[in-house]
Amino acid sequence: MDGAPGPGEGPAQEALQSLSQRLRVQEEEMELVKAALAEALRVLRLHCPPTSLQSSGIPASTRNSSLTAPPGLPPTCSPSLVSRGTQTEEELETKPSSEPPGLSNGPSAPQGASEEPSGTQSEGGGSSSSGAGSPGPPGILRPVQPLQHADTPRRNSSSSSLSERPRQKLSRKAASSANLLLRSGSTESRGSKDPLSSPGGPGSRRSNYNLEGISVKMFLRGRPITMYIPSGIRSLEELPSGPPPETLSLDWVYGYRGRDSRSNLFVLRSGEVVYFIACVVVLYRPGGGPGGPGGGGQRHYRGHTDCVRCLAVHPDGVRVASGQTAGVDKDGKPLQPVVHIWDSESLLKLQEIGLGAFERGVGALAFSSVDQGAFLCVVDDSNEHMLSVWDCSRGTKLAEIKSTNDSVLAVGFSPRDSSCIVTSGKSHVHFWNWSGGAGVPGNGTLARKQGVFGKYKKPKFIPCFVFLPDGNILTGDSEGNILTWRRSVSDSKTPGRGGAKETYTIVAQAHAHEGSIFALCLRRDGTVLSGGGRDRRLVQWGPGLVALQEAEIPEHFGAVRAIAEGLGSELLVGTTKNALLRGDLAQGFSPVIQGHTDELWGLCTHPSQNRFLTCGHDRQLCLWDGEGHALAWSIDLKETGVCADFHPSGAVVVVGLNTGRWLVLDTETREIVSDVTDGNEQLSVVRYSPDGLYLAIGSHDNVIYIYSVSSCGTKSSRFGRCMGHSSFITHLDWSKDGNFIMSNSGDYEILYWDVAGGCKLLRNRYESRDREWATYTCVLGFHVYGVWPDGSDGTDINSLCRSHNERVVAVADDFCKVHLFQYPCARAKAPSRMYAGHGSHVTSVRFSHDDSYLVSLGGKDASIFQWRVLSAGGAGPAPATPSRTPSLSPASSLDV
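Residues numbered from 1 in each chain as written. Predicted model: local features only at pLDDT ≥ 70, side-chain atom pairs only at ≥ 80, totals over all residues. Heavy atoms only, no water.

Concerning the overall build of the protein chain
A tally of helices and strands in the protein chain yields four helices and 58 strands. Here the protein chain has roughly 35800 Å² of accessible surface; of this, 50% comes from carbon and sulfur atoms. (Helix = DSSP H or I, 4+ residues; strand = E, 2+ residues; numbered from the N terminus. Areas by Shrake-Rupley, 256 points an atom, 1.4 Å probe, with all protein chains shown as cover.)

A short note on the pairing of strand E19 (residues 396-402)
By the bridge criterion, six bridges tie strand E18 (residues 386-391) to E19 in an arrangement that is antiparallel. Paired with Asp 391 across the bridge in E19 is Thr 396. From the end of E18 to the start of E19, which pair antiparallel, there are four residues, and Gly 395 there has a positive phi angle of about 75°. (Pairing = 2+ DSSP bridges.)

Quick notes on the UniProt feature "repeat: WD" (unreviewed entry) in the protein chain
UniProt's entry tags residues 593-625, 722-755 and 835-869 with the feature "repeat: WD" (unreviewed entry), counted in the numbering of this structure. Split by type, residues 593-625 is 0% helix and 58% strand. Its first and last C-alpha atoms lie 12 Å apart. The span residues 835-869 shows a helical share of 0% and a strand share of 54%, and its end C-alpha atoms are spaced 12 Å apart. (UniProt positions renumbered as here; feature names shortened; annotations may be inferred.)

Focus on the layout of surface pockets
With a probe scaled to a water molecule rolled over the atoms, the places where space remains empty come into view. Estimates place the volume of the largest pocket at around 1300 Å³. Taken together, 38 residues line the largest pocket, and the ones lying closest to its centre are Phe 266, Phe 465, Val 466, Leu 520 and Leu 522. Listing elements by their share of the lining of the largest pocket, those giving two or more residues are strand E6 (266-267), strand E10 (308-313), strand E16 (362-367), strand E20 (408-413), strand E24 (464-467), strand E28 (517-522) and strand E32 (560-565). (1 Å grid on protein atoms, 1.4 Å probe; cavity = no way out; pocket = protein on both sides within 12 Å on 5 of 7 lines; lining within 4 Å. Points joined across faces, edges and corners; volume = space filled by probe spheres on them.)

Remarks on the packing of aromatic side chains
Taken as a whole, this structure holds 22 aromatic pairs when the rule is applied. Ring geometry for Trp 252 versus Tyr 284: centroids 6.2 Å apart, planes at 90°, classification edge-to-face. Here the residue Trp 252 occupies a position in strand E5 (residues 247-254), and Tyr 284 occupies one in strand E8 (residues 280-285), the gap between them amounting to 32 residues. Of the two residues examined, Trp 252 and Tyr 284, each falls in the buried class. The structure contains a cluster of three or more aromatic residues connected by ring pairs, namely Phe 431, Phe 453, Trp 485 and Tyr 504. Sitting above the plane of the Phe 518 ring, Arg 262 keeps its charged end 6.0 Å from the centroid. (Phe/Tyr/Trp six-rings, centres within 6.5 Å; stacked < 30°, edge-to-face > 60°. Buried < 20%, exposed > 50% of the residue type's maximum accessible area, 1.4 Å probe, protein only. Lys NZ or Arg CZ within 6 Å of the ring centre and 35° of its normal.)

Observations concerning the pattern of salt bridges
Across all of its chains, the model carries 30 salt bridges by this definition. A salt bridge links Arg 299 to Glu 272; its shortest N-O distance comes to 2.9 Å. Residue Arg 299 is found in strand E9 (residues 297-301), and its partner Glu 272 is found in the loop between E6 and strand E7 (273-277); the two are separated by 27 residues along the sequence. For Glu 272, a relative accessible area of 5% gives the class buried. Between Lys 829 and Asp 790 there is a salt bridge whose closest N-O contact spans 3.7 Å. Of this pair, Lys 829 sits in the loop between strand E54 (818-822) and strand E55 (833-835) while Asp 790 sits in the loop between strand E51 (760-761) and strand E52 (797-802), and the two are 39 residues apart along the sequence. Judged by relative accessible area, Lys 829 falls into the partly exposed class, the value being 47%. For Asp 790, a relative accessible area of 42% corresponds to the partly exposed category. In the salt-bridge network here, residues are joined through shared partners; they are Lys 736, Glu 772, Arg 802 and Glu 806. (Salt bridge = Lys/Arg side-chain N within 4 Å of Asp/Glu carboxyl O.)

Focus on the sheet that holds E51
A sheet is described by the order of its strands in space; here four strands give the open sequence E48-E49-E50-E51, paired in antiparallel fashion. Strands with a single pairing partner mark the edges of an open sheet, and in this sheet they are strand E48 (729-734) and E51. Inspection of the sheet shows strand E50 (residues 750-754) paired to E51 by two bridges, in the antiparallel sense. By the bridge assignment, Trp 753 is partnered in E51 with Leu 761.

A word on the nonpolar core
Counting 42 residues, the largest nonpolar core has Leu 265, Tyr 275 and Leu 854 as its most contacted members. The element contributing the most residues to this core is E5, with five residues. Residues within four places of Tyr 275 in sequence aside, it is in contact with Gly 255, Tyr 256, Asn 264, Leu 265, Val 280, Val 281, Val 282, Tyr 284, Gln 298, Leu 311, Leu 580 and Ile 593. Counting residues in hydrophobic clusters, the runner-up holds 34 residues, among them Ile 750, Val 779, Val 784 and Val 787. (Core = buried A, V, L, I, M, F, W, Y, C linked by side-chain atoms within 4.5 Å. Contact = heavy atoms within 4.5 Å.)

Some points on the side chain of His 606
Within the secondary structure, His 606 sits in the loop between strand E36 (600-605) and strand E37 (611-616). Only 3.1 Å separates the side chain of His 606 from the backbone nitrogen of Ser 608, close enough to count as a polar contact. Among residues more than four places away in sequence, those in contact with His 606 are Arg 611, Phe 646, Gly 650 and His 849. (Polar contact = N/O pair within 3.5 Å; in protein donor to acceptor, adjacent residues only side chain to side chain.)

Observations regarding unusual backbone geometry
A negative phi angle is the norm for most residues apart from glycine, just as the trans form is the norm for most peptide bonds. Of note, the amide linkage connecting Tyr 823 to Pro 824 takes the cis form, showing an omega dihedral of 0°. Take Pro 824: it is sitting in the loop between E54 and E55. Its identity is not glycine, yet Arg 360 carries a phi of approximately 65°, on the positive side. The backbone phi angle of Ser 427 is positive, close to 60°, even though this residue is not glycine. Inspection of the secondary structure assignment puts Ser 427 in the loop between strand E21 (420-425) and strand E22 (428-435). Using a relative accessible area of 23% as the deciding quantity, one classes Ser 427 as partly exposed.

Section: the environment of Glu 359
Looking at where Glu 359 falls in the secondary structure, it is placed in the loop between strand E15 (349-353) and E16. In this structure Glu 359 comes out as partly exposed when scored by relative accessible area, which is 48%. Separated by 24 residues in sequence, Glu 359 and Asn 383 have C-alpha atoms that sit 8.7 Å apart. Not counting residues within four places of it along the chain, the set of residues in contact with Glu 359 comprises Pro 337, Asp 380, Asp 381 and Ser 382.

Describing the environment of Glu 345
Along the chain, Glu 345 turns up in the loop between strand E14 (339-343) and E15. Each C-alpha atom of the pair Glu 345 and Arg 319 lies 8.4 Å from the other, and the pair is 26 residues apart in sequence. The contact partners of Glu 345, leaving out residues within four places of it in the chain, are Arg 269, Arg 299 and Val 318.

So, the sheet that holds E5
Pairing in this open sheet of four strands is antiparallel, and the strands run E5-E58-E57-E56 from one edge to the other. A strand with exactly one partner marks an edge of an open sheet, and here the two such strands are E5 and strand E56 (842-847). Direction aside, neighbouring strands of the sheet carry axes that sit 25° apart on average. Bridging between strand E57 (residues 853-858) and strand E58 (residues 864-870) involves five bridges; their strand directions are antiparallel. (Axes fitted to C-alpha atoms, helices over the stretch in contact; angles between N-to-C directions.)

Topic: the state of the cysteines
For the structure shown, the criterion picks out zero disulfides. For the unlinked cysteine Cys 622, the closest cysteine sulfur is that of Cys 615, found at 8.9 Å. (Disulfide = S-S within 2.5 Å.)

Some points on the environment of Asp 251
Note that Asp 251 resides in strand E5. Looking at Asp 251, the relative accessible area reads 16%, which means it is buried. Taking the C-alpha atoms as reference points, Asp 251 and His 629, separated by 378 residues in sequence, lie 9.6 Å from one another. When residues no more than four places from it in sequence are discounted, the contact partners of Asp 251 are Gln 298, His 300, His 629, Tyr 853, Gln 866, Trp 867 and Arg 868.

Quick look at empty space enclosed by the protein
Taken as a whole and assessed by the stated rule, the structure comprises 14 cavities of 30 Å³ or more. Around the largest cavity, the lining comprises 13 residues; the ones closest to its centre are Tyr 228, Tyr 752, Ser 768, Arg 769 and Phe 782. The element best represented in the lining of the largest cavity is strand E4 (residues 223-228), accounting for three residues. When grouped by side-chain class, the residues that make up the lining of the largest cavity number seven nonpolar, four polar and two charged. (Nonpolar A, V, L, I, M, F, W, Y, C, P; charged D, E, K, R; others polar.)

Concerning the side chain of Thr 423
Summarising the element assignment, Thr 423 is placed in strand E21. Judged by its relative accessible area of 0%, Thr 423 is buried. A distance of 3.0 Å separates the side chain of Thr 423 from the side chain of Trp 432, its partner in a polar contact. With near-sequence residues (within four places) excluded, Thr 423 lies in contact with Val 379, Val 408, Ala 410, Val 411, His 428, Val 429, His 430, Trp 432 and Phe 465.

This is the structure in structure tokens:
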């Protein structure tokens, strides 16, 4: 065909064009470097006398000719210096590396994201606009450093637009695409969108070589983030190093896991109530009398590495067994489920059972009774729900068998005979006969007898059972019935088969509840308590299943999940809405522990009291009393709450919702005083200015809405909009004078706004380097860039908060950890103190008004942790006076 290229002509032409483009890039880069050197020498001549230039060691030929390349300059420069957007990920990965990733004087800024003090473009792929060039500020200039060779690759580097080309999906966070590179000097464009254009041609702008001490640069997913160093810092070496002297101590855990777990509530011999949430087993000491105020205190067993799923208490009332689920660590490696046996008095782990033996997690477990609790039976969460028996003192497995492909919800030893084990769950009750094999590991056997319902309707689920003193067994099922099972033994009359025949038959049925029965509890007086799901009733049953007394749990607490008998007539009841109630059937029940029931994101602390407010996907807005460790009040938002902030007066609080609505509520009356909608996308951050005169609303529509506020926050009117981000708003902070805003976005931009001057974008970000911020919650910025871990993909840090005394920074990460760094944290790979306990990504952290406490939110585990901030001496809160004294603690300090 006419005009069609011949064989190989098309690829050859493309290769030739590519080579020509690379040559042009290299030539133009040399011109940029020469121009930068000439500019630097001009500034040196302006600010330094000739004697200083001579003593600086710069050769005369170099001083007299601005076109002479400095020593050490490579003859050619990689196109990645100025044209990252024209390269594919494969090209970047196959380029030879002249230095390891991490901290280095790395290559210059890629296309479309480089800046300098008088530049005019935004960060991380933001738009650019022209501006006149000017030398860097006097007073912090350093001798010109030779450029490093530019062949250092960035792993999986992306283009300047996150959606510009498809990216290979990473299997886990550890295989991320980020490199953290410290830039003490780099070639940066002055607002030119096209660094390939000739520096001397029409419409072009010269690039400046940022001298040492002006800026640092880091990369997230290949995107450059430039941060300017404040003028008061002449060297990064003078910044604090090491972890902070302050430490955290877990003070209180709000919440209880009742929504989706069983075997989760017991009373110890000491009178403490033991339950779990996230990775923490809580030992709660009730205060006051039944039905009275909560009070009391908490201790915590924190030996688990993932979420706890079930508990069992030893017959001695001291030892506890707790089983955890499987998970993954920070590197994506699986964490094996395990059972811990620990002492509730000393909180020391006594035995670790089943490491490597269970799949997915531990679903149910129980101690034996008649032999002083020598054995432990465990059911895992594998497809076959393996039932195993273990020697508690040795940690050895004595017997194991496949249980059933259906879910198993409960397991227990008979209190009269340790050779009898019962399991129940979906559509089954199984009675197991265990022979111990003379205590030899693996020699025991388990034989199953299946419960036969006969003329009785077979229920869909049997969630619970209890052993009676006379040897009978009661089961509660999803039909609301309590069935009585009796064991009978008869001689076998089958020829050739000797021995006794054991059977389990139903001898009685009583309809106890409307809906499922979730819990059965045998009391000390021989009566039985049953807890209903749909009807939320607690019923006490006497001999022959005669109802004696009952009470109903209020609807807002949910259904009965677990029942435990306390001191005297006192009862403890766990509910499906993650509340722990205390009381009795006669006087009713009151909550002593409450919590959210779904993923949490919104958190703010009161400006003058030890109170904080939370909201999340359960649509509940909760105000917590940090001193009394109790829920002050809660309301139903009808929509998902994602962010919140108190007015500086504390009189009102603003709550952002996932629909674009935001509400202002009176904190005393709980009345909604304002209901406004901005856009139709989720709001991600709401923040009052420190003087309370403005309110900033950050939205997923890339806009920050500004409102002027009056009457202590009860009235507001639209003031303006900050428009310029190229992705959704993630974090923002106000300056101390209340006139400026610093904001971050989903594509890693750092922008500054003049709110008082009309919500204008400050094009010259260099001029904001010395601005003081009332709060520091932005995760990107010079003062906090050291908190980012090596290899981060940009989503590893969910929340950050600087203490009010400006001594430390708390960080919530995606790996269930809370970190404490020194502030400012402007050293790459900065060491921290790390604290575990959450079982899901930590979504938010905030300090109390006096820095005595830190509050952290677990995401999907719906937990709230209140940490006490301890000074270097280990007692009391940190002093309020800001300090910049470097810590002498070792960099590897780890608190778990």
